[in-house]
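Residues per chain, in single letters:
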Amino acid sequence: MSDAVMEAVDVHKRFGRLEVLKGISLEVPKGETLCIIGPSGSGKTTFIRCINHLEKINSGRITVNGHLIGYRESNGKLKEDTEKNIAQQRTQIGMVFQRFNLFPHKTALENVTEAPERVLGAPAEQAKEEGLRLLTRVGLADKCETYPGKLSGGQQQRVAIARALAMKPALMLFDEPTSALDPEVTGEVLDVMEELAREGMTMIVVTHEMGFARKAADRVVMMDDGTIIEEGTPEHFFQAPEQERTKQFLSKIL
């Protein structure tokens, strides 16, 4: 039995005739921060969306904590699971998107407590206490009664992180969480993510922020044209990448 929190085996994904993922295999052990880098269109976002079944895969398998995501096995074949089971599986996976997707009519605290109360059945008082602790953790204790429209992009993204953490997920997914932010607030989001990495949260981060990858990642994976072309430690990537394509990509963004 693998000790991987997330395991992808030979994952393929097509949109019509376009093959976007061409056999991705990857394991992420507990406590690892994995950064996925690569050019636009390389399949990074599609892959991370497949992990929590926001995109359906065409073949292969993805497991989180040893459980198949989105499918169940029947006579050796995979069949799509029920909506109820998929929703249950997703409670194990926190996802932070490029756009914050907060409920505009709810305060920061209400955004954080919504899912624990509704999905996990947490008592309101307990959810509120935990929500305040999480908002404090992301540096927003003073904004708990503020509505998203009155928060900066960086503050909204930190609320989104607190909201994902409120479900106590086994795995956190970040899809370019700073790409929609102004440069001056990017740092406050990356600081929270670095703190999570230090605390041992298992994270998969699709990012163009090479400073973050260098500092917080345990391992970096380079994707290009739907495949993983290189992986290694940040030291390996930023000092001695092996693939010509990796060198080319890094030379353009560093």
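Residues numbered from 1 in each chain as written. Predicted model: local features only at pLDDT ≥ 70, side-chain atom pairs only at ≥ 80, totals over all residues. Heavy atoms only, no water.

### Points about the side chain of T246
Relative to the helices and strands, T246 is located in helix α9 (residues 244-253). For T246, the residues in contact, after removing those within four places along its chain, are M222, I229, E230, F237 and P241. (Helix = DSSP H or I, 4+ residues; strand = E, 2+ residues; numbered from the N terminus. Contact = heavy atoms within 4.5 Å.)

### A look at the sheet that holds strand β5 (residues 67-68)
Strand-to-strand pairing in sheets goes through backbone hydrogen bonds, with the strands running parallel or antiparallel. The strand order across the open sheet built from 4 strands is β2-β1-β4-β5, with neighbouring strands paired in antiparallel fashion. Among the strands making up the open sheet, the edge pair consists of β2 (18-29) and β5. Summarising the sheet, strand β1 (residues 4-15) and β2 pair through 9 bridges and their orientation is antiparallel. The residue bridging M6 from the neighbouring strand is V28, located in β2. (Pairing = 2+ DSSP bridges.)

### Some thoughts on the state of the cysteines
Two cysteines joined by a covalent bond between their sulfur atoms form a disulfide. Tallying each qualifying case throughout the model produces 0 disulfides. With no disulfide of its own, C50 lies 19 Å from the sulfur of C35, the closest cysteine sulfur. (Disulfide = S-S within 2.5 Å.)

### Some words on helix α3 (residues 108-118)
Listed as buried for α3 are A108, L109, N111, V112, T113, E114 and P116. On the buried face of α3, the contacting elements are α4 (124-137) and α5 (153-165). (Buried < 20%, exposed > 50% of the residue type's maximum accessible area, 1.4 Å probe, protein only.)

### Focus on the packing of α4 against α5
Orientation of α4 relative to α5, taken along the N-to-C sense of each, is 135 degrees, at an axis distance of 9 Å. Regarding the angle of α4 to α5, the classification is oblique. Read as a crossing pair, α4 and α5 show a hand that is right-handed. Residues L134, L135 and R137 of α4 touch α5, and the partners they reach there are V159, A162 and L165. Class assignment of the residues belonging to the contact of α4 with α5 gives a composition of 5 nonpolar, no polar and 1 charged. (Axes fitted to C-alpha atoms, helices over the stretch in contact; angles between N-to-C directions. Parallel < 35°, antiparallel > 145°, perpendicular 65-115°, else oblique. Left-handed = near helix turned anticlockwise from the far one by under 90°. Nonpolar A, V, L, I, M, F, W, Y, C, P; charged D, E, K, R; others polar.)

### A word on the nonpolar core
With 45 residues, the main nonpolar core has L135, I161, M172 and F174 as its most contacted residues. Ranked by residues supplied to this core, first place goes to helix α6 (residues 183-198) with 7 residues. Other than its neighbours up to four places away in sequence, I161 contacts V96, V138, M172, F174, V189, V192, M193 and L196. (Core = buried A, V, L, I, M, F, W, Y, C linked by side-chain atoms within 4.5 Å.)

### Section: helix α1 (residues 44-51)
With respect to burial, α1 is a largely interior element, 6 of its 8 residues being buried. Of all the residues in α1, the buried ones are K44, T46, F47, I48, C50 and I51. Count one or two residues on from α1 and you reach H53, which has phi positive near 65 degrees.

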